[in-house]
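Residues per chain are reported as follows:
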Amino acid sequence: MIHTLYSIAMWLSQPLLKRKLKRRGVAEPGYLLAIDERFGRYATSVPAHDGPTVWIHAVSLGETRAAAVLIAALRSQLPGMRLLLTHGTATGRAEGTKLLRPGDLQAWQPWDTVGATRRFLSHFKPQIGVLMETEIWPNLVHSCKVQQVPLVLANARLSDKSLRQTEKLAWLARPAYAELHAVWPQTLQDAQRFQQLGAPVRAVLGNLKFDATVDASQVAQGREWRVHTGKPVVMFASSREGEEQALLQILKEFSPLAPVLKGRDATDVVVNQVQWLIVPRHPQRFDAVAELVQSQGFAVSRRSAWGEAGPAVPGDSSVNDATTIWLGDSLGEMAMYFGLADVALLGGSFEPLGGQNLIEAAACGCPVVMGPHTFNFAEAAEHAQKAGAALRVADLAQAVTTAAELIADVRRLADARQASSDFARAHRGAAQQLASAIVQVMKALVTGM
């Protein structure tokens, strides 16, 4: 009965979804692409294919980048596979196009109605479905069960906060988790939380993001630009709304650094000797953050205006002026930004938002200063702290102080960089294990075991 009411509610909300997509499409035109796919209606038929169709759902940008590592491992173990890649966000879909080969398929995740999910499965006919990290939709899971498509949750994570929220909807969530074919969590703690929801946890296989290959050319480019800058760079990585405002207020006041200065002028240390770089988490906020920086009395130099020469253009006072904040307003260049930075403050961790993933920073050899809120990546954050790749602070003011202390200590900074690289290398291996687990599920279906 409850599942029926949910299905009716999802069906009735379809006009609201269409309006939401049109609104978002004003700022992000990608949301206006192939809207009918959201409702299980497709303009073209699916060509015949000799090998298996492996469906991977990566809702947004982060999940798509993690999926890239798994897809590469699957192609090596299933050379005849055809990839079906689905997404929920425009940034995820744009990133996903880079992963496609001739013959592969890409579509939007179907809205969670009975009709849309069944039409999706009947149209594409995948042999297996792989949901990345957190995406569970009751009708989609149930439709897979009905049509005998094994649906697995890979690289799965579930924070304590998410568990509490999910348990409030246990009447809907528990049946959905129970109908999954397999769940492979990132950590033992994740596994225990999934088991509380009745999910079929098979094995803990680690975090795919450790296996991601960093773009070495981007890291090298960033480091070269840092050298030409002539002063240390501190980056606010994947900052969230409210955090940029707080940082700018601290930079205007300077008082949090007073204990570190030992008689030196705070303005000189914070403004003249450190270059601040803000890279917002969401691209639709780039313009708003630029306006915010200027409203607080700072000039702004945007990555989109640098060109190939980078930020340190000789004689360009607008770029290297002491009161200029750099703004990373580009996509697909996080490795370059981490190469450019001496230290990164971890966005999302200074407000109760759960933090962003620090693994890419570590892989680029960039130490991280993180706030108290890292529940989305609790174990990775804890292990990074123990390894010396990350430092934990109570708030953003202390983070600014800690970053200043770290860049002032050449030996300590070098040790932290090495610890970051070592930490990233030590946790690799999830991709091949996950790919093998997925292949075993497919083989078992063929043999009937």
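None of these values were measured; they are calculated from a predicted model.

Colleague: Talk me through the environment of Gln 433; I want residue IDs and the actual numbers.
Modeller: By the secondary structure assignment, Gln 433 is in helix 21 (residues 430–447). For the pair Gln 433 and Ala 73, spaced 360 residues apart in sequence, the C-alpha separation works out to 8.9 Å.

Colleague: A description of the sheet that holds strand 3 (residues 105–108) should follow, citing residues and the corresponding values.
Modeller: Read across the open sheet, the six strands follow the order 3-2-1-4-5-6; overall the sheet is parallel. With partners counted over all chains shown, the strands left at the sheet margins are strand 3 and strand 6 (182–185), one partner each. Neighbour-to-neighbour, the strand axes of the sheet open up by a mean angle of 20°, direction not taken into account. Pairing between strand 2 (residues 82–87) and strand 3: four bridges, direction parallel. Note on strand 3: the bridge partner recorded for His 87 is Trp 108.

Colleague: Break down the environment of Leu 84 for me, with residues and values.
Modeller: Structurally, Leu 84 is set in strand 2. With 148 residues separating them in the primary sequence, Leu 84 and Pro 232 have C-alpha atoms 44 Å apart. Apart from the residues lying within four places of it in its own chain, the contact partners of Leu 84 are Thr 53, Val 54, Trp 55, Ile 56, Leu 105, Gln 106, Phe 120 and Phe 124.

Colleague: So what's going on with the sheet that holds strand 13 (residues 390–392)? Which residues, and what values?
Modeller: Picture the strands of a sheet paired through backbone hydrogen bonds; they go either parallel or antiparallel. Taken together, seven strands build an open sheet; the order of strands is 9-10-8-7-11-12-13 and the sheet is parallel. The sheet is open, and its two edges are formed by strand 9 (299–302) and strand 13, each paired on a single side. In this sheet, neighbouring strand axes are inclined to one another by 25° on average, regardless of whether the strands run parallel or antiparallel.

Colleague: Describe the packing of helix 19 (residues 396–408) against helix 20 (residues 410–426), and please don't skip the residues or the numbers.
Modeller: The interhelical angle for the contact between helix 19 and helix 20, taken along N-to-C directions, is 105°, at an axis separation of 5 Å. One way to sum up the angle between helix 19 and helix 20 is to call them roughly perpendicular. Taken together, the residues of helix 20 that come into contact with helix 19 (itself represented by Glu 405, Leu 406, Ile 407 and Ala 408) are Val 410, Arg 412 and Leu 413.

Colleague: Report on a positive patch on the surface, specifying residues and quantitative values.
Modeller: On the surface, Lys 18, Lys 22, Arg 41 and Arg 119 cluster together into a patch of positive charge. For Lys 22, the position within the fold is in helix 2 (residues 14–27).

Colleague: How would you explain unusual backbone geometry if you had to name every residue and give the values?
Modeller: Backbone geometry places Lys 125, a non-glycine residue, at a positive phi of 50°. A relative accessible area of 55% places Lys 125 in the exposed class. Unusually for a residue other than glycine, Asn 155 sits at a positive phi of about 55°. Tracing the chain through its elements places Asn 155 in strand 5 (residues 151–156). Owing to a relative accessible area of 0%, Asn 155 belongs among the buried residues under this scheme.

Colleague: I'd like a rundown of the packing of aromatic side chains, residues and numbers included.
Modeller: The description of two aromatic rings rests on the distance between their centres and on the angle between their planes. By the definition in use, this model includes 10 aromatic pairs. An angle of 10° between the planes, with centres 6.4 Å apart, marks the rings of Tyr 31 and Trp 108 as stacked. Taken as a pair, Tyr 31 in the loop between helix 2 and strand 1 (53–57) and Trp 108 in strand 3 lie far apart in primary sequence, 77 residues in all. Tyr 31 gets classed as buried once you look at its relative accessible area, which sits at 4%. Take Trp 108: its relative accessible area is 0%, and that puts it in the buried class. In this structure, Lys 18 is placed above the aromatic ring of Phe 39, and the distance from its NZ or CZ to the ring centre is 5.1 Å.

Colleague: Explain the pairing of strand 6 to me, using residue names and the numbers behind them.
Modeller: Both faces of strand 6 are covered, namely the face carrying Ala 182 and Trp 184 and the face carrying Val 183 and Pro 185. Looking at chain direction, strand 5 and strand 6 are connected through four bridges and run parallel. Bridged to Ala 154 within strand 6 is Trp 184.

Colleague: Before we move on, could you go through the pattern of salt bridges and cite the residues and values that matter?
Modeller: One pass over the full model with this rule turns up 18 salt bridges. Lys 98 is the partner of Glu 95 in a salt bridge, and the nearest nitrogen-oxygen pair spans 3.1 Å. Since its relative accessible area comes to 57%, Lys 98 is described here as exposed. Asp 422 serves as the salt-bridge partner of Arg 425, at 2.5 Å between the closest nitrogen and oxygen. Taken together, the positions of Arg 425 and Asp 422, both in helix 20 and three residues apart, correspond to about one turn of that helix. With a relative accessible area of 44%, Arg 425 lands in the partly exposed category. Beyond isolated ion pairs, a larger network of salt bridges with shared partners links Arg 65, Glu 95 and Lys 98.

Colleague: Explain a nonpolar patch on the surface to me, and be specific about the residues and the numbers.
Modeller: A contiguous nonpolar surface patch, about 620 Å² in accessible area, is contributed by Met 1, Leu 5, Ile 8, Trp 11 and Leu 12. In this fold, Leu 5 is placed in helix 1 (residues 2–12). With a relative accessible area of 48%, Leu 5 lands in the partly exposed category.

Reading the values: rules and limits
Residues numbered from 1 in each chain as written. Predicted model: local features only at pLDDT ≥ 70, side-chain atom pairs only at ≥ 80, totals over all residues. Heavy atoms only, no water. Helix = DSSP H or I, 4+ residues; strand = E, 2+ residues; numbered from the N terminus. Pairing = 2+ DSSP bridges. Axes fitted to C-alpha atoms, helices over the stretch in contact; angles between N-to-C directions. Contact = heavy atoms within 4.5 Å. Parallel < 35°, antiparallel > 145°, perpendicular 65-115°, else oblique. Patch = residues over 30% accessible without salt bridge, like charges linked within 9 Å, V, L, I, M, F, W, Y side chains within 5 Å. Areas by Shrake-Rupley, 256 points an atom, 1.4 Å probe, with all protein chains shown as cover. Salt bridge = Lys/Arg side-chain N within 4 Å of Asp/Glu carboxyl O. Lys, Arg positive; Asp, Glu negative; His and termini not counted. Charge placed at Lys NZ, Arg CZ, Asp CG, Glu CD. Buried < 20%, exposed > 50% of the residue type's maximum accessible area, 1.4 Å probe, protein only. Phe/Tyr/Trp six-rings, centres within 6.5 Å; stacked < 30°, edge-to-face > 60°. Lys NZ or Arg CZ within 6 Å of the ring centre and 35° of its normal.

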